[in-house]
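Given next are the chains, with one letter for each unit.
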2 protein chains.
Amino acid sequence: MIDRLIEAVEKKKNPTVAGLNPRIEFIPGHLTDEAFGRYGRNLEGAAEALWQFNRRIIDSVYDVIPAVKLQSAYYEMYGWEGMRAFKRTAEYAKKMGLFVIADIKCGDRAGAAAAYADAYLGNTDIGMGIKVPAFNTDAVTVSPYFGEEGLKPFIDTKKTVFIAVKALNKEEDRVLEEKIAKLGETSRGTYGYSNIGALIEASTPEGLSNIRRKMPCAYFMITGYGVQGANAESVAGAFDRNGAGAVVSASRSIMYSYINNKTKPEGFDAAARAEVLNMRTEIRKALKL
Amino acid sequence: MIDRLIEAVEKKKNPTVAGLNPRIEFIPGHLTDEAFGRYGRNLEGAAEALWQFNRRIIDSVYDVIPAVKLQSAYYEMYGWEGMRAFKRTAEYAKKMGLFVIADIKCGDRAGAAAAYADAYLGNTDIGMGIKVPAFNTDAVTVSPYFGEEGLKPFIDTKKTVFIAVKALNKEEDRVLEEKIAKLGETSRGTYGYSNIGALIEASTPEGLSNIRRKMPCAYFMITGYGVQGANAESVAGAFDRNGAGAVVSASRSIMYSYINNKTKPEGFDAAARAEVLNMRTEIRKALKL
């Protein structure tokens, strides 16, 4: 439910989403040494290091951010062991009160889309009336490439879906934006926003404030902040007049803040917290909050 | 390499790809009982049943088909345990000489696309100069939603990429088809076909023979055969004048042949083999081979 994310943003006074997309080469040596020492230098060891890294980041920031976003590519590259780290991270983040977004950009035909919806937002039937959640996240990103049939299974879960919008101002993009706008109008939650949101790059050719006007009920997740070039000023247009309606996700600039700031690797989690608080200050200033 | 797939089709005289997308509710009871008995009625038990089911299907058909296709959705819905079954299946199929296609329909931005390309077609760097394959498949399906940046990391691996083509005859579809045609011309293998292929539904609004003419160097993977409605006659247009240039994937009609034919569950693997041989006969007849 988008209402839960909105309430968390309000409570933490921070629209910052920490993207947890760890890569082994950027994880501090004391964590990788321990993980590889225990499991061997293999995918299991690497995945253990990812999970320990994520856990410490979550411990350090959970009280000042509303949500985390896990990009599945950076877990699948470490095999099923990586996907186990994905699940552990998602579970732990949830336990710590965070809203968990699976960035899977799923775009498939109806049958497969339904299976992905079960995997990330629903439950898997394993017989004898037993249903278990496979990854148990609160929201997903989806690709609209296959149209209605690929989106419906996710929308039907009534959980939050961020549809990837390119906003290139081509005919196909306009059709999609209109569709999201329409879907939003008929499915507003308590705060006026719908579970059917949009995932948008900050560097989108059309200005974010244009896009904001086009889809007034769609909650936005904006990517590209920090290392990828966007800053508080450039994302401000994504928000509504009350400074609400959007979250801004950053990954490398938070996770690897200790590298960017040339501070001690042992303090990577404190550095991540400092960056998250910095983002809060910057964005709130740009939004005049 | 597409050449390997072409040679396998030629050798087996069969353009049939077995889609291994198992769902626990359709797996014979003697396999699920054993798996759940050993691991408990949980995702681990379910995933074990998927793997045992797949292994027996592969044992039964490996000498008469060139390739298998694993749709990742049907593994992810069983969690990381399901992805372990995916890897075991892919490894075993490879060992049995089959060409392994990961049906992931990946469509993401450059960074994530590169991570997926590493995961399925390449290697993952885990430090100290050690690189390990995460899923080690021979080909993937990709979505062109994010354009060039999302396709390039896969194409750069020089392995086989099937780009999902909707063939709706819209402007965006025509642009994509022209692009695939162009890419194919400059990257032909020994048999005139490129590593950059196309994934197409048999029920595509434009006829398959039209699409065939538009992308003469693109190897096709056609879906929708069997339970989904297409038959040998309706897929024949996807092939070139030599009866080559395409494979036809079927999943439920092969895997669950024992259900469709109301034969004993214990004979599910023999039923799958019979269906695969039936597809071979039907398609070769339609192609006048």
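Source: prediction; values computed, not measured.

J.: Looking at this model, I keep getting lost on the overall build of chain A. Mind explaining?
T.: Per the secondary structure count, chain A includes 13 helices and 10 strands. Its C-alpha atoms give chain A a radius of gyration of 19 Å, near enough to 19 Å, the size a compact globule of 289 residues would have. Seen along its three principal axes, the alpha-carbon backbone of chain A occupies a region of about 55 × 55 × 35 Å. Taking all 289 residues of chain A together, 59% fall into the buried category. The long-range share in chain A, meaning contacts at least 24 apart out of those at least 6 apart in sequence, stands at 70%. Mean positive and mean negative side-chain charge positions of chain A (39 and 35 charges, respectively) differ by 3 Å.

J.: Whenever I open this one, the sheet that holds strand β2 (residues 67-71) of chain B confuses me. Can you help?
T.: What holds strands together in a sheet is hydrogen bonding between their backbones, with the strands either parallel or antiparallel. Residue and element names in this part refer to chain B. Taken in spatial order, the eight strands of this closed barrel run β1-β2-β3-β6-β7-β8-β9-β10, and their pairing is parallel. Pairs of neighbouring strands in the sheet enclose a mean axial angle of 25°, with direction left out of account. Two strands pair when backbone bridges link them, and strand β7 (residues 160-164) and strand β8 (residues 194-201) are joined in this way by four bridges, in the parallel orientation. Counted as the bridge partner of Ile163 is Ala198 from β8. Its contacts with the sheet put helix α1 (residues 2-12) on β2, β3 (99-106), β7, β8, β9 (218-223) and β10 (246-250), and the angle it makes with β9 is roughly 60°.

J.: How do you make sense of the pattern of salt bridges when you look at a structure like this?
T.: A side chain with one charge may pair with a side chain of the opposite charge, provided their charged atoms come close. Counting across every chain of the model gives 42 salt bridges over all chains. Here B:Asp59 ties to B:Arg55 by a salt bridge, and the two come within 4.0 Å at their closest N and O atoms. Here B:Asp59 and its partner B:Arg55 are both found in helix α3 (residues 43-61), four residues apart, which amounts to about one turn of the helix. For B:Asp59, a relative accessible area of 31% corresponds to the partly exposed category. Take B:Arg55: its relative accessible area is 24%, and that puts it in the partly exposed class. Here B:Lys214 ties to B:Glu206 by a salt bridge, and the two come within 2.9 Å at their closest N and O atoms. Using a relative accessible area of 11% as the deciding quantity, one classes B:Glu206 as buried. One network of salt bridges, with partners in common, ties together A:Glu34, A:Arg38, A:Glu48 and A:Arg88.

J.: Would you mind going over the packing of helix α3 (residues 43-61) of chain A against helix α5 (residues 79-95) of chain A with me for this structure?
T.: Working note: a packed helix pair is described by the angle between its axes plus the distance between those axes. Residue and element names in this part refer to chain A. Relative to each other, α3 and α5 sit at 15°, their axes nearing to 8 Å. The orientation of α3 with respect to α5, classified from their angle, is roughly parallel. Crossing of α3 against α5: the hand is right-handed. Along the contact surface, α3 presents Leu43, Glu44, Ala47, Glu48, Leu50, Trp51, Asn54, Arg55, Ile58 and Asp59, while α5 presents Gly79, Glu81, Gly82, Arg84, Ala85, Arg88, Thr89, Tyr92 and Ala93. Across the contact of α3 with α5, the residue classes tally to eight nonpolar, four polar and seven charged.

J.: Just to check I follow, could you spell out helix α8 (residues 171-185) of chain B for this structure?
T.: Residue pairs three or four apart in sequence face the same way in an α-helix, which turns once every 3.6 residues. All names here are of chain B. Counted at 1.5 Å a residue, the expected span for α8 with its 15 residues is 21 Å, and the 21 Å between its end C-alpha atoms agrees. Of all the residues in α8, the buried ones are Asp173, Leu176, Glu177, Ile180, Ala181 and Gly184. Down the axis of α8, the sector holding all buried residues measures 135°, keeping them to one side. Turned more than 90 degrees off the buried face of α8, the exposed positions are Glu171, Glu178, Lys182 and Glu185.

J.: Would you explain the relation of the copies chain B and chain A in this entry?
T.: Each of the two copies of the chain can be brought onto the other by a rotation about an axis and a shift along it. The transformation that overlays chain B on chain A combines an axial shift of 0.0 Å with a rotation of 180°, and the residual RMSD is 0.0 Å. The two molecules are tied by a two-fold rotation axis, judged by turn and shift. Across chain B, the smallest distance between a C-alpha and the rotation axis is recorded for B:Trp80, namely 2.7 Å. Residue by residue, 98% of the interface of chain B is reproduced at the interface of chain A, so both copies engage with the same surface.

So, how was this worked out
- Residues numbered from 1 in each chain as written.
- Chains lettered and ligands numbered in written order.
- Predicted model: local features only at pLDDT ≥ 70, side-chain atom pairs only at ≥ 80, totals over all residues.
- Heavy atoms only, no water.
- Helix = DSSP H or I, 4+ residues; strand = E, 2+ residues; numbered from the N terminus.
- Rg over C-alpha atoms; globule rule 2.2 N^0.38 Å.
- Buried < 20%, exposed > 50% of the residue type's maximum accessible area, 1.4 Å probe, protein only.
- Contact = heavy atoms within 4.5 Å.
- Lys, Arg positive; Asp, Glu negative; His and termini not counted.
- Charge placed at Lys NZ, Arg CZ, Asp CG, Glu CD.
- Pairing = 2+ DSSP bridges.
- Axes fitted to C-alpha atoms, helices over the stretch in contact; angles between N-to-C directions.
- Salt bridge = Lys/Arg side-chain N within 4 Å of Asp/Glu carboxyl O.
- Parallel < 35°, antiparallel > 145°, perpendicular 65-115°, else oblique.
- Left-handed = near helix turned anticlockwise from the far one by under 90°.
- Nonpolar A, V, L, I, M, F, W, Y, C, P; charged D, E, K, R; others polar.
- Expected span 1.5 Å × (residues − 1).
- Arc of directions from axis to C-beta.
- Least-squares fit on C-alpha atoms with pLDDT ≥ 70 in both.

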